[in-house]
Amino acid sequence: MKGIYSILLLVCSNIFMTLAWYGHLYFKNFTKLQKLGIFSVILISWGLAFFEYCFQVPANKIGYKENGGPFSMFELKTIQEAVSLIVFTLMIVFVFRTEKPAWNHLVGFALIILAVFFIFKKW
């Protein structure tokens, strides 16, 4: 169960991370946000990153093997990267609606999934 909680917390964390890192690129669609300077955008991104860390830190703490979770640090990082790409892709396609994934993106994601297989495979 700790593994599932850890992954769900990472999903929440990555939603905030995507908004913090890329959300300001979408500000052009909001009249009041268009004129914000870089310092204001940085502060907004930091505010969102606070919530990212509120989910990410517990996710790693709960999921880490030495804290009673099922994952090693390599596994936690690999899960985080895979979740990050999935959340990013879903948000770009369905929330920001700015881009569509092309075949090369899908091939790259498949290779990342293959990397997940190799990280989790016990040789």
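Okay, so let's go over this structure. Predicted, not measured: the structure shown is a model, and the values here were computed from it. (Residues numbered from 1 in each chain as written. Predicted model: local features only at pLDDT ≥ 70, side-chain atom pairs only at ≥ 80, totals over all residues. Heavy atoms only, no water.)

**A closer look at the packing of helix H1 (residues 2-22) against helix H3 (residues 38-63)**
Inference 1: Two elements in contact, H1 and H3, have axes separated by 8 Å at closest approach and are oriented at 165 degrees. On the basis of the axis angle, H1 is roughly antiparallel to H3. Seen from above, H1 lies across H3 with left-handed handedness. Mapping the contact onto sequence places Lys2, Tyr5, Ser6, Leu9, Leu10, Cys12, Ser13, Phe16, Met17, Leu19 and Ala20 in H1 and Ser45, Leu48, Ala49, Phe51, Glu52, Phe55, Gln56, Pro58, Ala59, Asn60, Ile62 and Gly63 in H3.
Inference 2: Tallied by class, residues from the contact of H1 with H3 come to 15 nonpolar, six polar and two charged. (Axes fitted to C-alpha atoms, helices over the stretch in contact; angles between N-to-C directions. Helix = DSSP H or I, 4+ residues; strand = E, 2+ residues; numbered from the N terminus. Parallel < 35°, antiparallel > 145°, perpendicular 65-115°, else oblique. Left-handed = near helix turned anticlockwise from the far one by under 90°. Contact = heavy atoms within 4.5 Å. Nonpolar A, V, L, I, M, F, W, Y, C, P; charged D, E, K, R; others polar.)

**What about the pattern of salt bridges?**
Inference 1: Taken as a whole and assessed by the stated rule, the structure comprises two salt bridges.
Inference 2: With a shortest N-O distance of 2.7 Å, Glu81 and Lys77 are connected by a salt bridge. Separated by four residues within a single helix, Glu81 and Lys77 lie in helix H4 (residues 73-96), roughly one turn from each other.
Inference 3: Given the relative accessible area of 46%, Lys77 is considered partly exposed. (Salt bridge = Lys/Arg side-chain N within 4 Å of Asp/Glu carboxyl O. Buried < 20%, exposed > 50% of the residue type's maximum accessible area, 1.4 Å probe, protein only.)

**As for unusual backbone geometry**
Inference 1: The residue Arg97 is not glycine, and still its phi comes out positive at about 55 degrees.
Inference 2: Tracing the backbone shows Arg97 in the loop between H4 and helix H5 (103-120).

**Here we look at the packing of aromatic side chains**
Inference 1: According to the stated counting rule, one finds nine aromatic pairs in the structure shown.
Inference 2: The structure contains a cluster of three or more aromatic residues connected by ring pairs, namely Phe16, Phe50, Phe51 and Phe55.
Inference 3: When the ring centre of Trp123 is taken as origin, the NZ or CZ atom of Lys121, which lies over that ring, is 5.6 Å away. (Phe/Tyr/Trp six-rings, centres within 6.5 Å; stacked < 30°, edge-to-face > 60°. Lys NZ or Arg CZ within 6 Å of the ring centre and 35° of its normal.)

**Quick look at the environment of Ala110**
Inference 1: Its location among the elements puts Ala110 in helix H5.
Inference 2: When its relative accessible area of 43% is taken as the criterion, Ala110 is described as partly exposed.
Inference 3: Between the C-alpha atom of Ala110 and that of Thr89, which follows or precedes it by 21 residues, the distance is 13 Å.

**A word on a nonpolar patch on the surface**
Inference 1: Taken together, the side chains of Trp103, Val107, Leu111, Leu114, Phe117, Phe118 and Trp123 make up a nonpolar region of the molecular surface, amounting to roughly 880 Å² of accessible area.
Inference 2: The residue Phe118 is located in helix H5 in this model. (Patch = residues over 30% accessible without salt bridge, like charges linked within 9 Å, V, L, I, M, F, W, Y side chains within 5 Å. Areas by Shrake-Rupley, 256 points an atom, 1.4 Å probe, with all protein chains shown as cover.)

**Notes on the side chain of Thr89**
Inference 1: With respect to the secondary-structure elements, Thr89 resides in helix H4.
Inference 2: Among the polar contacts made by the side chain of Thr89, one reaches the main-chain carbonyl oxygen of Leu85 at a distance of 2.8 Å.
Inference 3: Setting aside its immediate chain neighbours within four residues, Thr89 contacts Pro101 and Phe109. (Polar contact = N/O pair within 3.5 Å; in protein donor to acceptor, adjacent residues only side chain to side chain.)

Nothing here speaks to function; it is geometry throughout.
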